[in-house]
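Here is how the chains run, residue by residue.
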Amino acid sequence: MLAGKRILLIIAGGIAAYKSLDLIRRLMDRGVTVRCILTKAGAEFVTPLSVSALSGEKVYQDLFDLTDEADMGHIRLSREADLVVVAPATADLMAKMAGGHANDLASTALLATDKPVLIAPAMNVEMWGHPATQRNAATLAADGITLVGPAAGDLACGEVGQGRMVEVPDLIAAIEERLGRTIKDLPLAGKKALVTSGPTREAIDPVRYLSNHSSGKQGHAIAAALAAAGAETTLVTGPTSEPDPLGVSVVNIESAREMLAACEAALPCDIAICAAAVADWRIAEEAGSKMKKNGGSPPSLAMVENPDILATLSQASKNRPALVVGFAAETNDLIDNATKKRARKQCDWIVANDVSSGTGTFGGDENTVHLLTDEGVEDWPRSSKAAVASQLTARIAAKLAGTDA
Ligand code: CTP
């Protein structure tokens, strides 16, 4: 259940920091992406090099590191995770968290996060038992933070008692339990979603094809947003240079017919979103070997229509998804054409966007869309494709929950 999840691991300064190196490996074995913040004191116990070598990612250490802020600010660092784990959590860091301090990268990320936080305290038995630490632990628990341990036993300082960081398998079990609860709380938990994205390629011969300029950015952003909202998401995509979205199962196809077969294989599902720019036609007879010039006149290529995936899903008599959403890419009479397209294909919603040259929609990072539903047309402000994806996901969640207007 941890596969595809993202964890921000904060390693504070305690002898138990060595266990965090093992934790990184065990999490990665389970398909988790682990990003690490190492505090100044943490770096006295484990080196940044070992942390980055194990996590395969840059280690974040300094709040005021301008490079970090340019390519990964502390806010993004704390938000782009499903869970924040502090292991080991020292008495000092717990005190900062309880007091709402933000004077280094770890405490700032913890204050800025909107994600659940799990901490594994580790310290001397007297430090743990001190009323100040107990007060802080109670405050953190009341703030909704999950505390795991500490366990009792021999402590590194030579004393015996409660203060050891829990062992890695116990920490992983607690992380699974906490993430499980998080997933259950997500708005699309328990729903299955299917998204098409990118262009299709229709072969002319073994070396040539017909295709279009679709970048896949909007479709991939939608798949990422649905998965982040808890939907079990399958993305069926033509060739793009977009990275696979985290937590999404990706099926790579080339032709429209392959896309249709992959979509049908992904049924039944609750939500289908067709954002792919499917080639309308394919070559009637693909040449089995490379077509040669041979000094003659250029070939004339007979074409046949491709299956319409959106219409097929919308009109399926068996396994029709509860909500089918199409896109309308138009260069003129946007709303009029999109309205007709919605009626013709019988999908529930259409996201209409203007793709005429000069709009920058094809291949760009922004989109201006209009949502066509039974209730009418909504004009959404121009925004990033990621923001369009989140807004669409929120609308879908409200629709399926029956709480939309
Ligand atoms: N679509 C599809 N399969 C096709 C063609 C289109 O699933 N063979 C889907 C697209 O993913 C999109 C919607 O249909 O969600 C509309 O695509 P668009 O290219 O705007 O429309 P067309 O069906 O190609 O109609 P036209 O060429 O007349 O504009």
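Attention here is on the structure that accompanies the text. (Residues numbered from 1 in each chain as written. Predicted model: local features only at pLDDT ≥ 70, side-chain atom pairs only at ≥ 80, totals over all residues. Heavy atoms only, no water.)

Quick look at the pairing of strand 5 (residues 117–121) now. Buried residues dominate strand 5, accounting for five of its five residues. Burial of strand 5 is two-sided: the residues Val117, Ile119 and Pro121 facing one way and the residues Leu118 and Ala120 facing the other way are all buried. Where strand 4 (residues 83–89) lies against strand 5, four bridges are found, and the strand directions are parallel. The residue of strand 5 that forms the bridge with valine 86 is isoleucine 119. As judged from the two bridges shared by strand 5 and strand 6 (residues 146–147), these two strands associate in the parallel manner. In the sheet register, isoleucine 119 faces strand 6, and the bridge partner there is leucine 147. (Buried < 20%, exposed > 50% of the residue type's maximum accessible area, 1.4 Å probe, protein only. Helix = DSSP H or I, 4+ residues; strand = E, 2+ residues; numbered from the N terminus. Pairing = 2+ DSSP bridges.)

A few words now on helix 11 (residues 256–265). Along an α-helix, a turn takes 3.6 residues, which lines up residues three or four apart on a common side. Within helix 11, the full set of buried residues consists of Ala256, Met259, Leu260, Ala262 and Cys263. For helix 11, the angular spread of buried residues about the axis comes to 165°, placing them on one side. In this structure, the buried residues of helix 11 make contact with strand 9 (192–197), strand 10 (202–205), strand 12 (232–237), strand 13 (249–252) and helix 12 (309–314). (Arc of directions from axis to C-beta. Contact = heavy atoms within 4.5 Å.)

Taken together, 14 residues are adjacent to the ligand, and Cys274, Ala276, Phe327, Lys341 and Lys345 come closest. In the model, an oxygen atom of the ligand is placed 2.8 Å from a nitrogen or oxygen of the phenylalanine 327 main chain. Between the ligand and lysine 341, the relevant distance is 2.7 Å, taken from an oxygen atom to a side-chain nitrogen or oxygen of the residue. Out of a free accessible area of 570 Å², the ligand has 79% covered by protein chains. Those elements that place two or more of their residues in the shell around the ligand are helix 12, strand 17 (323–330) and helix 13 (334–345). The dominant element in the shell around the ligand, judged by the number of residues it contributes, is strand 17, at four residues. Taken together, the residues of the shell around the ligand sort by class into nine nonpolar, one polar and four charged. (Near = heavy atom within 4 Å. Polar contact = N/O pair within 3.5 Å; in protein donor to acceptor, adjacent residues only side chain to side chain. Areas by Shrake-Rupley, 256 points an atom, 1.4 Å probe, with all protein chains shown as cover. Nonpolar A, V, L, I, M, F, W, Y, C, P; charged D, E, K, R; others polar.)

Running from N to C, helix 5 (residues 91–99) and helix 8 (residues 131–142) cross one another at 50°; their axes reach a closest spacing of 9 Å. Here helix 8 runs oblique to helix 5, going by the angle between their axes. Handedness of the crossing formed by helix 5 with helix 8: left-handed. Contacts between helix 5 and helix 8 pair Ala91, Met94, Ala95, Met97 and Ala98 from the former with Thr133, Asn136, Ala137, Thr139 and Leu140 from the latter. Split by residue class, the contact of helix 5 with helix 8 holds seven nonpolar, three polar and no charged. (Axes fitted to C-alpha atoms, helices over the stretch in contact; angles between N-to-C directions. Parallel < 35°, antiparallel > 145°, perpendicular 65-115°, else oblique. Left-handed = near helix turned anticlockwise from the far one by under 90°.)

A separate point is the nonpolar core. Counting residues in hydrophobic clusters, the biggest one holds 32 residues, and the most contacted among them are Leu9, Leu23, Leu27, Val51, Leu171 and Ile175. Membership of the second largest hydrophobic core comes to 29 residues, among which are Ala193, Ala225, Ile271 and Phe327. (Core = buried A, V, L, I, M, F, W, Y, C linked by side-chain atoms within 4.5 Å.)

Before going further, it helps to examine the sheet that holds strand 2 (residues 33–38). In spatial order, the strands read 3-2-1-4-5-6; together these six strands make up an open sheet with parallel pairing. At either end of the open sheet lies a strand with only one pairing partner, and these are strand 3 (59–60) and strand 6. Its contacts with the sheet put helix 2 (residues 48–55) on strand 1 (6–11), strand 2 and strand 3, and the angle it makes with strand 2 is roughly 170°.

All right, on to the pattern of salt bridges then. Using the criterion set out here, one finds 21 salt bridges in the structure. Its salt-bridge partner being arginine 35, residue glutamate 80 comes within 3.3 Å of it at the nearest N-O pair. Taken together, the residues glutamate 80 in the loop between helix 4 (74–79) and strand 4 and arginine 35 in strand 2 connect sequence positions 45 residues apart. Notably, a salt bridge pairs glutamate 80 with arginine 76, separated by 2.9 Å at the nearest N-O pair. The class of glutamate 80 is partly exposed, set by a relative accessible area of 28%. With a relative accessible area of 41%, arginine 76 lands in the partly exposed category. Here the salt bridges do not stand alone but share partners, grouping Arg35, Glu57, Arg76 and Glu80 into one network. (Salt bridge = Lys/Arg side-chain N within 4 Å of Asp/Glu carboxyl O.)

Turning to the packing of aromatic side chains, a few remarks are in order. Considering all chains together, one arrives at zero aromatic pairs under this definition. Above the face of the tyrosine 60 ring, lysine 58 is positioned so that its terminal group lies 5.5 Å from the ring centre. Looking at arginine 395, its charged tip hangs above the ring of tryptophan 349, at a distance of 5.3 Å from the centre. (Phe/Tyr/Trp six-rings, centres within 6.5 Å; stacked < 30°, edge-to-face > 60°. Lys NZ or Arg CZ within 6 Å of the ring centre and 35° of its normal.)

Let us now look at a nonpolar patch on the surface. A surface patch of nonpolar side chains, amounting to about 340 Å² of accessible area, comprises Ile15, Tyr18 and Phe45. Summarising the element assignment, phenylalanine 45 is placed in the loop between strand 2 and helix 2. (Patch = residues over 30% accessible without salt bridge, like charges linked within 9 Å, V, L, I, M, F, W, Y side chains within 5 Å.)

Here we come to the sheet that holds strand 21 (residues 376–379). Pairing between the strands of a sheet is mediated by backbone hydrogen bonds and can be parallel or antiparallel. Reading across from one edge, 13-12-9-14-17-18-20-21 is the order of the eight strands in this open sheet, with mixed pairing throughout. The sheet is open, and its two borders are formed by strand 13 and strand 21, each paired with just one other strand. Adjacent strand axes in the sheet meet at a mean angle of 15° when their direction is disregarded. Seen against the sheet, helix 10 (residues 217–228) touches strand 9, strand 12, strand 14 (271–274) and strand 17 and runs at an angle of roughly 165° to strand 9. The strands that helix 13 touches are strand 17, strand 18 (349–354), strand 20 (369–373) and strand 21; relative to strand 17, the one it contacts most, it runs at about 145°.

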